[in-house]
Amino acid sequence: MQFQHTETLNQPLRFGEGKQYWINTFGCQMNEHDSEVMAALIENLGYRPASGPEEADLLIINTCAVRKKPEDKVSSMLGKLTVLKEGKNDLIIAVGGCMTQQQDLARHIKNRFSEVDLIFGTHALPRLPELLERAHLEKETVVDIKEDYTGREGLPAARTSTFQAWLPIIYGCNNFCAYCVVPFVRGRERSRRFEAIISEAAALSDQNYREITLLGQNVNSYGHDLPGKPSFASLLDELDRIEGLSRIRFMTSHPKDLSPDLIKTVARGKKICEHFHLPAQSGSDRILKKMNRRYTREQYLALVREIKAAIPGVSITSDIIVGFPGETEEDFSAPLDLLKQVRFDSAFAFIYSPRQGTKAEKLTDNTTYREKEQRLQALNKIQQRISLEENERLVGNLLEVMVEGPSKNNPELQTGRTRTNKLVHFTGPASLTGTIIPICITEARTWNLFGEMEGEPR
Ligand code: 5AD
Ligand code: SF4
């Protein structure tokens with residue numbers, strides 16, 4: 001018989017009563033959501049959010065390992081935070097996330113920053129409360145980087161927004177793209193149960209959330225490991241029926257797994273937003289093969305044509321890696337050409353960053369960093385022109401915008417997003433936050449749009 005967890009059986013120790021916590025998150029949306037789960041777990045221990053790291057009794061750094069840059073930022077932040085411990089002996093410093101899931105990096109953090117009390121990998125998230133308890137009691141740094149996939153379902157989340165919610169549907173990745181550390185630090189793919197996702201979405205709708213973003217390294221492979229193999233398209237179809245929700249987003253889509261069924265579902269869905277984040281990574285067949293992406297440039301282009309034909313006004317965004325080992329000038333002209341053919345709404349370009357344990361780490365690389373920077377600049381220049389031109393096509397259109405709150409740079413302006421995930425600024429009261437309002441687009445820039453309210457919020 002399955003034992004039921006009840007409040008009394010599973011009463012958490014409340015050693016955080018009267019204390020404050022601060023979480024610093026690096027990296028992707030999955031990490032942001034993991035931090036929301038960490039927050040809920042530690043609030044159950046009695047901790048309350050602090051207004052800044054100096055006020056905190058518990059500091060958590062949720063790290064990212066996808067490129068070297070975020071790793072360096074974590075190291076410099078740790079250097080600064082450990083100083084806080086000098087005046088505050090009982091301060092607990094915990095480091096979690098993708099960096100710490102790697103044995104060598106966990107060891108490095110432990111040796112270099114003796115002030116760190118707890119190091120916990122991505123799989124240790126459900127064990128955070130007991131690990132913190134040990135960190136309070138033990139003098140030695142507590143380390144938990146076991147690859148143990150259990151216990152993730154049913155964890156609470158203290159979401160930062162009251163109307164937009166991250167909703168993970170599949171954890172991990174099986175693809176082993178040659179450059180990528182994610183399969184090593186997030187483990188193999190595990191789809192959440194279909195019903196668990198539907199009931200979490202319904203509960204979010206009951207709590208007045210209006211937008212959910214389904215998260216996965218590769219949402220298109222959702223369900224292959226579940227009984228009956230439900231597809232991602234069927235999950236979207238079912239979520240689209242939840243009355244209270246207004247918008248459903250999803251990311252990231254691996255081009256090799258994006259099914260014709262999914263395109264039809266997005267085209268037909270009422271709430272499913274017309275946006276695909278579909279990383280191409282390269283436009284050169286030779287490099288795509290070396291990257292182990294398992295599609296050709298022509299297959300990618302055909303997919304984009306299919307999506308654009310089926311979904312009018314769809315936006316397609318991408319990630320591109322510049323300077324993959326062995327990329328020649330000729331290989332590099334291929335992504336430039338791809339940008340021009342696809343006309344992405346936006347594309348994030350990154351300089352290749354060698355990651356420990358990956359296949360690409362062992363490849364010889366003769367291109368200098370300076371050359372890679374030049375390629376990055378050339379690519380960004382072309383994409384920025386395309387982004388601006390694509391945005392200019394929207395001037396004069398009336399678009400549905402979900403208001404996210406006052407603009408960071410100018411509090412007189414409100415900021416929101418179109419269904420296609422474009423940022424829009426307009427003049428209006430802050431009370432519109434969380435509503436959906438028609439906006440007439442009056443001006444286009446590379447990264448955002450400006451517009452005027454036309455009609456009532458709903
Ligand atoms: N170097 C540079 N960029 C990388 N990405 C993933 N791994 C690396 C790496 N080693 C990029 C990919 C991915 C995005 C999240 O980060 O473009 O889509
Ligand atoms: Fe990394 Fe490729 Fe998996 Fe994306 S699909 S997380 S790039 S291995």
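Per chain, residue numbering runs from 1 following the sequence as it is written. Going through the entries in the order they are written, you letter the chains from A and number the ligands from 1. Totals for whole chains, interfaces and linings use all residues, but because this is a predicted model, local features are given only for residues with pLDDT of at least 70 and pairs of side-chain atoms are given and counted only at 80 or more. Heavy atoms throughout the structure, all of them, feed into the side-chain values; hydrogens and water do not.

### Regarding the site of ligand 1
Near ligand 1, the surroundings consist of Val-66, Arg-67, Tyr-179, Gln-281, Asp-319, Ile-321, Phe-350, Ile-351, Tyr-352, Ser-353 and Arg-355. Contact distances for ligand 1 include 2.7 Å between an oxygen atom and a side-chain N or O atom of Gln-281. We call two N or O atoms a polar contact when they sit within 3.5 Å, provided that within protein one can donate a hydrogen and the other can accept it, with sequence-adjacent residues counted only if both atoms are side-chain atoms. Ser-353 is positioned with one of its backbone polar atoms (N or O) 2.8 Å from a nitrogen atom of ligand 1. Expressed as a share of its isolated accessible area of 400 Å², the protein-covered part of ligand 1 is 86%. Segments assigned H or I by DSSP are reported as helices when at least four residues long, segments assigned E as strands when at least two residues long, and all are numbered from the N terminus. Of all elements in the fold, only β13 (315–322) and β14 (346–351) reach the threshold of two or more residues within the shell around ligand 1. Gly falls in the polar group here, along with every residue not listed as nonpolar (Ala, Val, Leu, Ile, Met, Phe, Trp, Tyr, Cys, Pro) or charged (Asp, Glu, Lys, Arg). For the shell around ligand 1, a count of residues per class yields 6 nonpolar, 2 polar and 3 charged. Proximity is defined per residue: if any heavy atom of the residue lies within 4 Å of a molecule or strand, that residue is considered near it. With residues, only the protein chains shown are counted as cover, and all accessible areas are computed by Shrake-Rupley using a 1.4 Å probe.

### A few points about the pattern of salt bridges
Criterion for a salt bridge: a side-chain nitrogen of Lys or Arg within 4 Å of a carboxyl oxygen of Asp or Glu. Counted under the stated rule, the structure contains 38 salt bridges. Taking the shortest distance from any N to any O, the salt bridge between Arg-355 and Glu-71 comes out at 2.7 Å. Of this pair, Arg-355 sits in the loop between β14 and α12 (369–392) while Glu-71 sits in helix α2 (residues 68–84); the two residues are 284 residues apart in sequence, bridging distant segments of the chain. The exposure classification of Arg-355 matches that of Glu-71, with both residues buried. Through salt bridges with shared partners, a single network forms among Glu-211, Arg-247, Arg-249, Glu-274, Glu-400, Arg-419 and Arg-458. Remark: exposure states derive from per-residue accessible area (1.4 Å probe, protein chains only) relative to the maximum for the residue type, with buried under 20%, exposed over 50%, and partly exposed in between.

### So, the state of the cysteines
Cysteine sulfur atoms are paired as a disulfide whenever they come within 2.5 Å of each other. Within this structure, the stated rule accounts for 0 disulfides. Free cysteine Cys-98: the closest other cysteine sulfur is in Cys-64, separated by 6.3 Å. Given the relative accessible area of 10%, Cys-98 is considered buried. Take Cys-273: it sits in no disulfide, and the sulfur closest to it among the cysteines is that of Cys-28, at 20 Å. Residue classification places Cys-273 among the buried positions, given a relative accessible area of 1%.

### Comments concerning helix α4 (residues 128–137)
Turning to α4, its buried residues number three or more, namely Leu-128, Pro-129, Leu-131, Leu-132 and Ala-135. Down the axis of α4, the sector holding all buried residues measures 165°, keeping them to one side. The contact rule is simple, with two residues in contact once any of their heavy atoms fall within 4.5 Å. Residues of α4 that are buried sit in contact with α1 (29–43), β3 (58–63), β4 (92–97), β5 (118–120) and β6 (142–144). Along the arc lie the directions from the helix axis toward the C-beta atoms.

### Some thoughts on unusual backbone geometry
Residues apart from glycine generally show negative phi values, whereas peptide bonds are mostly found in trans. That bond from Met-251 to Thr-252 is cis: its omega, 10°, falls within 30 degrees of zero. Secondary-structure assignment places Thr-252 in the loop between β11 (247–251) and α8 (260–268). Even without a glycine there, the phi angle at Arg-343 is positive, about 60°. On the accessibility criterion, Arg-343 (27% relative accessible area) is partly exposed.

### Digging into the sheet that holds strand β12 (residues 275–277)
DSSP bridges decide pairing: two strands pair if at least two such bridges lie between them. What the 3 strands build is an open sheet, ordered β12-β13-β14; its pairing is parallel. Only two strands of the sheet have a single neighbouring strand rather than two, namely β12 and β14. Neighbour-to-neighbour, the strand axes of this sheet turn through a mean angle of 10°, independent of strand direction. Looking at chain direction, β12 and β13 are connected through 3 bridges and run parallel. Opposite Phe-276, over in β13, you have Ile-316 as the bridge partner. The axes are straight lines fitted to the C-alpha atoms, using for helices just the contacting stretch, and the angles between their N-to-C directions are given from 0 to 180°.

### Details of the domain arrangement of the protein
According to the domain assignment, the protein consists of domain 1 (20–144), domain 2 (164–391) and domain 3 (398–453). In this entry, domain limits derive from an automatic or database-based domain assignment. The straight-line distance from the C-alpha centre of domain 2 to that of domain 3 is 25 Å. Each side of the interface is counted separately: domain 2 has 20 residues, and domain 3 has 19 residues. In this description, buried area is defined as the sum, over both parts, of the accessible area (probe of 1.4 Å) that is lost when the two are combined. It is Arg-210, Arg-247 and Asn-391 that lose the most area in domain 2 upon contact with domain 3, and together they represent 40% of the buried surface on that side. If you look at where domain 2 meets domain 3, you find 3 salt bridges. For the salt bridge of Asp-345 with Lys-422, the shortest nitrogen-to-oxygen distance reads 2.8 Å. Put simply, domain 2 and domain 3 have 14 residue pairs in polar contact (both at pLDDT 80 or more) between them. Residue assignment for the side of domain 2 that touches domain 3 shows that the elements contributing at least two residues are β11 and α12. With 4 residues, α12 is the largest single contributor of residues to the side of domain 2 that touches domain 3. Counted by class, the side of domain 2 that touches domain 3 contains 3 nonpolar, 9 polar and 8 charged residues.

### Comments concerning the site of ligand 2
Around ligand 2 sit Cys-173, Asn-175, Phe-176, Cys-177, Tyr-179, Cys-180, Val-182, Pro-183, Gln-217, His-254 and Arg-293, and those are all the residues in its vicinity. A breakdown of the residues in the shell around ligand 2 according to their chemical character gives 7 nonpolar, 3 polar and 1 charged.

### Things to note about the side chain of Thr-213
Along the chain, the position of Thr-213 falls in strand β10 (residues 211–215). Residue classification places Thr-213 among the buried residues on the basis of a relative accessible area of 6%.

### A look at the packing of aromatic side chains
Side-chain rings of Phe, Tyr and Trp, where Trp is taken by its six-membered ring, are said to pair if the distance between their centres is within 6.5 Å; with planes under 30 degrees apart they count as stacked, over 60 as edge-to-face, and otherwise as tilted. With the rule as written, the count across this model stands at 8 aromatic pairs. A centroid spacing of 6.4 Å and a plane angle of 85° characterise the contact between Tyr-179 and Phe-324, whose relative ring orientation is edge-to-face. Note that Tyr-179 is positioned in the loop between β8 (170–171) and α5 (182–186) and Phe-324 in the loop between β13 and α11 (329–342), a separation of 145 residues in sequence. Each member of the pair, Tyr-179 together with Phe-324, is buried. Feature note: the residues Tyr-179, Phe-324 and Tyr-352 constitute an aromatic cluster, connected by ring pairs. Only when the NZ of Lys or the CZ of Arg is both within 6 Å of the ring centre and within 35 degrees of the ring normal is a charge said to sit over the ring. Here Arg-67 stacks its cationic end above the ring of Phe-350, 3.7 Å away from the centre of that ring. Looking at Arg-190, its charged tip hangs above the ring of Tyr-149, at a distance of 3.9 Å from the centre.

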